[in-house]
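Overview (structure and organization)
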Amino acid sequence: MSLFTCLRHLGAAPLATEICLGCRLPASGGLLCEGCKTDLPWNREACPRCAMPSVLNLPCPACLRRPRRFDAAWTAFRLQPPIHAGILGLKYAARFEQARLLGELMAQGLRERETLPDLLLPVPLHWSRLMRRGYNQALLLSRVVGRELQRPVDAGALRRLRRSSDQIGQSARARRRNLRGAFDCQRSLEGLHVALVDDVMTTGATFDELTRVCRRAGATRIEVWAAARTV
Ligand SMILES: [Zn+2]
Ligand SMILES: [Zn+2]
């Protein structure tokens, strides 16, 4: 499939009957049948502030001790099989159908939220990484979620000014230091409720830094949405 047809497919409305990507049996109105959907590692009971698994959706001890900068965090899944493979395919192998699948599943959960944001802001990639990869997986997900929830997406609002060195294995403090001044915001977000969107939430350090930037641009409420969370 060419890049062009992939992207067209991404924007297309779901067909009435498709083949389930999980079990290869007919699935009506989606990319997964109901059985395969149920079996996914949904992050149903989680801390409302940081999306870490937490019974009865109670705030977790870490957030009670030291609240995050963002107002709320939500992820559809825990980063476990088969979601892990789906995200790797989207991020590193241009498997664009995974953006549609994950985005639709995210929207399904997000529809239940009391209020939805005015604007979706994908987490930006540095231009050099964007050049190498050819696409930003956070933007692909945002477009699907935005279409499903009828919320606008601003792909150019946030900019990554410098590449952060590999953060794997770094302490939380080192990650924060590494990200200081790594982003800016190109527009006013005065009075807006926004959601920052990415494929994976790990420590949340990137989201914390982007929250600072969005607050400075005037956003009043900042949520964090991701397809999956490391747990
Ligand atoms: Zn299935
Ligand atoms: Zn928490």
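Computed from a prediction, not measured in an experiment: that's the story for all the values here.

How each quantity is defined
- Residues numbered from 1 in each chain as written.
- Chains lettered and ligands numbered in written order.
- Predicted model: local features only at pLDDT ≥ 70, side-chain atom pairs only at ≥ 80, totals over all residues.
- Heavy atoms only, no water.
- Donors = N, O, S within 2.8 Å, 3.2 Å for Na, K, Ca; no water.
- Tetrahedral: all angles 85-135°; square planar, octahedral: opposite > 155°, others 65-115°.
- Helix = DSSP H or I, 4+ residues; strand = E, 2+ residues; numbered from the N terminus.
- Buried < 20%, exposed > 50% of the residue type's maximum accessible area, 1.4 Å probe, protein only.
- Domains from an automatic or database assignment.
- Axes fitted to C-alpha atoms, helices over the stretch in contact; angles between N-to-C directions.
- Parallel < 35°, antiparallel > 145°, perpendicular 65-115°, else oblique.
- Left-handed = near helix turned anticlockwise from the far one by under 90°.
- Contact = heavy atoms within 4.5 Å.
- Pairing = 2+ DSSP bridges.

A few points about the coordination of the zinc ion (ligand 1)
Looking at the zinc ion (ligand 1), one finds its protein donor set to be Cys20 (SG), Cys23 (SG), Cys33 (SG) and Cys36 (SG), positioned 2.2 to 2.4 Å from the metal centre. Given four donor atoms and angles of 104 to 116 degrees at the metal, the environment of the zinc ion (ligand 1) is assigned as tetrahedral. Along the chain, the residues donating to the zinc ion (ligand 1) fall in the pattern C-x2-C-x9-C-x2-C. One end of the pair, Cys20, is in the loop between strand E1 (17–19) and strand E2 (26–28); the other, Cys33, is in the loop between E2 and helix H2 (34–38), with 13 residues separating them in the sequence. The class of Cys33 is buried, set by a relative accessible area of 18%.

Examining the domain arrangement of the protein
With domains assigned, the protein is organised as domain 1 (1–39) and domain 2 (42–229). Between the C-alpha centres of domain 1 and domain 2 there is a distance of 24 Å.

Quick notes on the packing of helix H5 (residues 97–110) against helix H7 (residues 137–149)
The interhelical angle for the contact between H5 and H7, taken along N-to-C directions, is 45 degrees, at an axis separation of 8 Å. As summarised for this structure, H5 and H7 are arranged oblique, according to the angle between their axes. Crossing hand, H5 versus H7: right-handed. Note on element contacts: H7 touches H5 through Leu140, Leu141, Val144, Val145, Arg147, Glu148 and Leu149, opposite Ala99, Arg100, Leu102, Gly103, Glu104, Met106, Ala107 and Leu110.

Considerations on the sheet that holds strand E4 (residues 119–122)
Read from one edge to the other, the open sheet built from four strands follows the order E3-E8-E7-E4, with strand pairing classed as parallel. Strands with a single pairing partner mark the edges of an open sheet, and in this sheet they are strand E3 (72–78) and E4. With strand direction ignored, the average angle separating the axes of adjacent strands in the sheet is 25 degrees. Sheet contacts for H7: E4, strand E7 (193–201) and strand E8 (221–229); angle to E7, the most-contacted strand, approximately 130 degrees. Here helix H9 (residues 205–216) sits on the sheet and contacts E4, E7 and E8; the angle it forms with E7, its principal contact strand, is near 160 degrees.

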